[in-house]
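# Residue-level structural notes
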Amino acid sequence: MTTTDTPAPVPAEPGVPVDKGGAPSDGPRKGKKEGTALNVFSHGVLVIWAIMVGLPLVWAVMTSFKDDASIFGSPWSLPGRLNFDNWSRAWSQAHMSDYFLNTVLVVGFSLVGTLVLGSMAAYVLARFEFPGNRFIYYLFIAGMSFPIMLALVPLFYVVDNMGLLNTLPGLVLVYIAYSLPFTVFFLTGFFRSLPSSVAEAAFVDGASHTRTFFQVMLPMAKPGLISVGIFNFLGQWNQYMLPTVLNTDPDKHVLTQGLVQLAVSQGYKGDWSGLFAGLVMAMLPVLAAYIVFQRQVVQGLTAGALK
């Protein structure tokens, strides 16, 4: 009688799972290949998206230093020399300095008012239970879905009756009202994610609600404030419809109105280099804000999900 020797199972390498037959499984290798392919694809899409977004910005900055002949003769080449006259001409002769100052004043005051009022309202809605809490919160949510175009005509008459038509303070109040719904919605969820023990410790130490909010809770909400501040800054800086309807005085035009007027006037004059210089002037503050606060924006967006 003969006996059949069963071959000994092949020992698997450390860290490599084996199947029931004793052979090493190729599952992790397939998963690794699929993960590598997915990473290459996602990175490729991001690179293409970055080129699509960044190339027009770089081209606009490059064109702002060219003369008109170079813009049409060699639009994709680097400028032979830097023509800073384009910037000075747009800043002084096209009144971009006045538009820039008006925009800084309007956006600065409206941004501060939006963050102060929005954070106070969001803190109360997030931390205190009272009759009508949910109703007020959903009113702010409804304000986010209300098209601003439908409110232009009644808003015009309301601002006119208040005596604030064609004034910078009138624009500030309208910008604050326009930005409050999103600010309250964003910060309400952020304040809910903050620990309640810190506020309770402040109350035990004798701090009032006002002092607890401004000295304890508001500093803790700094990432959220910076994030929503960046979004509001972008929306208010690029706002065109509201100032067009509520601010028809040429001496009080903001930057978006000035760019439209510059495009019309410089287009008729053929001063395309000055037009591109004005465009870059309006674009730089927004880019600078993102570059400086990009880390805080990411922290503010992810803080509520991580806590």
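Residue positions are given per chain, counting from 1 as you read along its sequence in written order. Per-residue local features of the predicted model are confined to residues with pLDDT of at least 70, and side-chain atom pairs are confined, for both listing and counting, to 80 or more; whole-chain, interface and lining totals are unaffected and use all residues. Note that the side-chain values use all heavy atoms of the structure and ignore hydrogens as well as water.

### Considering the confidence of the model for the chain
pLDDT expresses, on a scale from 0 to 100, how confident the predictor is about each individual residue. Mean pLDDT over the chain stands at 83; residues scoring 70 or higher make up 83%. Element-level pLDDT for the chain is lowest in helix α13 (residues 272–306), with a mean of 76, against a maximum mean of 93 in helix α4 (residues 96–127). Secondary structure elements are defined from DSSP: runs of H or I of at least 4 residues count as helices, runs of E of at least 2 residues count as strands, and each element is numbered from the N terminus.

### With respect to the nonpolar core
When a protein is soluble and globular, its nonpolar side chains tend to lie buried together. With 25 residues, the main nonpolar core has Trp87, Met96, Phe233, Trp237 and Leu255 as its most contacted residues. Looking at this core, the elements that each hand over two or more residues are α3 (85–93), α4, α10 (222–237), α12 (255–269) and α13. Broken down by element, this core gets its largest block of residues, 9 residues, from α13. Apart from the residues lying within four places of it in its own chain, the contact partners of Leu255 are Met96, Tyr99, Phe100, Thr103, Trp237 and Ala282. Formed by 15 residues, the second largest nonpolar core is a distinct cluster that contains Phe191, Ala199, Phe213 and Val228. Joining through side-chain atoms within 4.5 Å is the link that ties buried Ala, Val, Leu, Ile, Met, Phe, Trp, Tyr and Cys residues into a set, and such a set is a nonpolar core. Exposure categories follow from relative accessible area, calculated using a 1.4 Å probe and restricted to protein chains: below 20% of the type maximum is buried, above 50% is exposed, and the middle band is partly exposed. Contacts are assigned to residue pairs with any non-hydrogen atoms lying within 4.5 Å of each other.

### Let's talk about empty space enclosed by the protein
Within this scheme a cavity is a closed region of a 1 Å grid, computed over the protein atoms alone, that accommodates a 1.4 Å probe without allowing it to escape, whereas a pocket is open but has protein on both sides within 12 Å along at least five of seven lines; lining residues each have an atom within 4 Å of a point. Grid points are joined across faces, edges and corners, and a volume is the space filled by probe spheres set on the points. The tally for this structure, following the rule as stated, stands at 1 cavity of 30 Å³ or more. As a volume, the largest cavity reaches approximately 40 Å³. In this structure, the largest cavity is lined by Thr103, Val106, Val107, Tyr175, Gln236, Trp237, Gln239, Val254 and Thr256. Looking at the lining of the largest cavity, the elements with two or more residues in it are α4 and α10. At 3 residues, the largest contribution of residues to the lining of the largest cavity is made by α4. Amino acids outside the nonpolar list (Ala, Val, Leu, Ile, Met, Phe, Trp, Tyr, Cys, Pro) and the charged list (Asp, Glu, Lys, Arg) are all regarded as polar, and Gly is one of them. Tallied by class, the residues present in the lining of the largest cavity amount to 5 nonpolar, 4 polar and no charged.

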